[in-house]
Amino acid sequence: MAKDLDFDLKMCEKNVYVTYFEFWNKPGFDERLVREQMVQFGKDEDGIKMCIQAARRIAENGLQIETLKVIANSPRVNQVAREKARSLLNSM
């Protein structure tokens with residue numbers, strides 16, 4: 001795995017990345033929508049900011065599929081997130 005991708009996935013937890021994947025699958029996503037969702041689920045502002053920046057870098061570098069593969073095969077990610085990552089991969 002590329003070092004940058006590994007760093008970005010640390011900045012935006014793997015289960016958080018896959019949970020909000022539909023919001024930030026495209027490089028020019030509107031961060032206000034995902035920010036509102038994340039605030040509702042109790043994420044703090046600094047964590048949200050870092051996660052959005054990391055997700056934007058992943059999208060800009062076209063690494064969405066690679067990221068989903070990493071999540072789908074990560075034993076440290078909960079089963080629900082792994083299943084969602086696999087489902088998203090199958091739908092692409």
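Refer to the preceding data block for the structure.
So, here is what we can say about the structure in this document.

What counts, and at which threshold
Residues numbered from 1 in each chain as written. Predicted model: local features only at pLDDT ≥ 70, side-chain atom pairs only at ≥ 80, totals over all residues. Heavy atoms only, no water. Salt bridge = Lys/Arg side-chain N within 4 Å of Asp/Glu carboxyl O. Buried < 20%, exposed > 50% of the residue type's maximum accessible area, 1.4 Å probe, protein only. Helix = DSSP H or I, 4+ residues; strand = E, 2+ residues; numbered from the N terminus. Phe/Tyr/Trp six-rings, centres within 6.5 Å; stacked < 30°, edge-to-face > 60°. Lys NZ or Arg CZ within 6 Å of the ring centre and 35° of its normal. Disulfide = S-S within 2.5 Å.

1. Examining the pattern of salt bridges
Taken as a whole and assessed by the stated rule, the structure comprises nine salt bridges. Taking the shortest distance from any N to any O, the salt bridge between Asp30 and Arg32 comes out at 2.9 Å. According to the relative accessible area criterion, Arg32 is exposed, its value standing at 59%. Measuring nitrogen to oxygen at the nearest pair gives 2.1 Å for the salt bridge that ties Glu45 to Arg35. Here Glu45 is found in helix H5 (residues 45-60), whereas its partner Arg35 is found in helix H4 (residues 31-40), with 10 residues between them in sequence. Through salt bridges that share partners, Glu31, Arg35, Glu45 and Arg56 make up one connected network.

2. Details of the packing of aromatic side chains
Inspection of the entire model under this criterion finds five aromatic pairs. Ring-pair connections join several aromatic residues into one group, and the members of that group are Tyr17, Tyr20, Phe21, Phe23, Trp24 and Phe29. A cation over an aromatic ring shows up here: Arg56 above the ring of Phe29, its NZ or CZ 4.2 Å from the ring centre.

3. As for the state of the cysteines
In the structure shown here, the tally under the stated rule is one disulfide. A sulfur-sulfur separation of 1.9 Å characterises the disulfide bridge that pairs Cys12 with Cys51. Of this pair, Cys12 sits in the loop between helix H1 (3-11) and helix H2 (14-19) while Cys51 sits in helix H5; the two residues are 39 residues apart in sequence, bridging distant segments of the chain. The residues Cys12 and Cys51 share a single accessibility class, namely buried.

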